[in-house]
Amino acid sequence: MSEQAIPTYDVFAIRYATRDAKRADNFIGGDSHDAPMPLDYYVWAIVGEARSFVVDTGFNAEVAARRKRDFLRCPAEALKLVGLDPATVQDVILTHLHYDHVGNFDLFPAATFHLQEAEMHYAVGRYMRYRRLRHSFEVEDVVGMVRANYAGRVSFYDGGAELAPGVTLHPAPGHSAGLQFVRVNTRRGPVVLASDVTHFYENMDTERPFVTAFHVGCMLEGFDRLKAAAPSPDHIIPGHDPLVMRLYRPPKPELEGIVVRLDEPPVI
């Protein structure tokens, strides 16, 4: 397919929860400034004329209460704000299986889940006997993905893959063993949905990874992979940075603070 024939997609970030944190909570080795640095939690929607994708499925109110997160809205239901119905969504890309990226999988009964095989091995393998690593997973989510696999609803990948013209998967392990990011062709060029390859712009910009780590060296290489996949830093969207909600416009004024468009250039 020629470059001209590659379709473009509308891309949205939907904010569904928040968490209060300090700067020291967000960098390996801490930070000398004891200032607030909250996290936002997002799911992403890739909307095309012929095919659409949901990227990650968030967590629910029960998990939010147990983990002391501020739950704002059901991320699956919020997809309706950009024209997607979770009951009929056909494709869900799971960047990894941490609790804030795979919860609510059960609200997508028609979907095939797209996952790096290494992530499933990690989530059910020997490293889960260590609390420091298993803390980022909800066991019922992992078991749910095992059941989905037995039902023929998980497509596994061993490396990069093209899901559709203009939508590609890119492995970038480190934060989790099978983490992947998504590159999407849009009207402003390729947009890279980094997920947790970089939680904040600052993690990548200063080469200081986030505290949850399986392999720090791979996390640093992940920053390089993001930059290589994007035409500019403005085309990289971090996984948890509240700045995303300020940099990009909402699709409608009434959705300010809830949804922003990523297929248009940043406004500041």
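Above this note sits the structure.
## A closer look at helix H6 (residues 139–150)
The first and last C-alpha atoms of H6 sit 17 Å apart over 12 residues, in line with the 16 Å expected at 1.5 Å per residue. Along H6, the residues that are buried comprise Asp-141, Val-142, Gly-144, Met-145 and Ala-148. For H6, the buried positions fall inside an angular range of 155 degrees around the axis, keeping them on one side. Residues Val-139, Glu-140, Arg-147 and Tyr-150 are exposed on H6 and point more than 90 degrees away from its buried face. The first or second residue beyond H6 is Gly-152, which carries a positive phi of 75 degrees.

## Brief notes about the sheet that holds strand E8 (residues 161–164)
Read across the sheet, five strands follow the order E8-E9-E10-E11-E12 without closing on themselves; strand pairing throughout is mixed. Across the chains shown, the open sheet's two edge strands, defined by having one partner strand only, are E8 and strand E12 (236–238). In this sheet, neighbouring strand axes are inclined to one another by 25 degrees on average, regardless of whether the strands run parallel or antiparallel. Pairing analysis gives five bridges linking strand E10 (residues 180–186) to strand E11 (residues 189–195), with the strands arranged antiparallel. From the neighbouring strand, Asn-185 faces E11, where its bridge partner is Pro-190.

## So, a nonpolar patch on the surface
A cluster of nonpolar side chains, contributed by Ile-28, Val-216 and Leu-220, occupies part of the molecular surface with about 200 Å² of accessible area. When you line up the elements, Ile-28 lands in the loop between strand E1 (10–19) and strand E2 (39–47).

## Side note on the packing of helix H4 (residues 117–124) against H6
Viewed as axis vectors pointing N to C, H4 and H6 meet at an angle of 130 degrees, and their least axial separation amounts to 10 Å. As judged from the angle between their axes, H4 and H6 are oblique. In the packing of H4 onto H6, the handedness of the crossing is left-handed. Contacts from Met-120, Ala-123 and Val-124 in H4 reach Val-142, Met-145 and Val-146 in H6. Tallied by class, the residues present in the contact of H4 with H6 amount to six nonpolar, no polar and no charged.

## A short note on the pattern of salt bridges
Following the criterion strictly, the structure yields 15 salt bridges and no others. The closest approach of N and O atoms between Asp-31 and Arg-208, which form a salt bridge, is 3.0 Å. In this pair, Asp-31 sits in the loop between E1 and E2 while Arg-208 sits in the loop between helix H7 (201–206) and helix H8 (216–229), placing the two residues 177 residues apart along the sequence. The exposure class assigned to Asp-31 is buried, which follows from its relative accessible area of 17%. Classification of Arg-208 by relative accessible area gives partly exposed; the value is 24%. Between Asp-263 and Arg-187 there is a salt bridge whose closest N-O contact spans 3.0 Å. Remark: Arg-187 occurs in the loop between E10 and E11 and Asp-263 occurs in the segment after strand E13 (259–261); sequence separation between them is 76 residues. Owing to a relative accessible area of 0%, Asp-263 belongs among the buried residues under this scheme. Through salt bridges with shared partners, one network takes in Asp-10, Arg-187, Arg-249, Arg-261, Asp-263 and Glu-264.

Cut-offs used in this document
Residues numbered from 1 in each chain as written. Predicted model: local features only at pLDDT ≥ 70, side-chain atom pairs only at ≥ 80, totals over all residues. Heavy atoms only, no water. Helix = DSSP H or I, 4+ residues; strand = E, 2+ residues; numbered from the N terminus. Expected span 1.5 Å × (residues − 1). Buried < 20%, exposed > 50% of the residue type's maximum accessible area, 1.4 Å probe, protein only. Arc of directions from axis to C-beta. Pairing = 2+ DSSP bridges. Axes fitted to C-alpha atoms, helices over the stretch in contact; angles between N-to-C directions. Patch = residues over 30% accessible without salt bridge, like charges linked within 9 Å, V, L, I, M, F, W, Y side chains within 5 Å. Areas by Shrake-Rupley, 256 points an atom, 1.4 Å probe, with all protein chains shown as cover. Salt bridge = Lys/Arg side-chain N within 4 Å of Asp/Glu carboxyl O. Parallel < 35°, antiparallel > 145°, perpendicular 65-115°, else oblique. Left-handed = near helix turned anticlockwise from the far one by under 90°. Contact = heavy atoms within 4.5 Å. Nonpolar A, V, L, I, M, F, W, Y, C, P; charged D, E, K, R; others polar.

In short, the description is geometric, and any link to function would need to be established separately.
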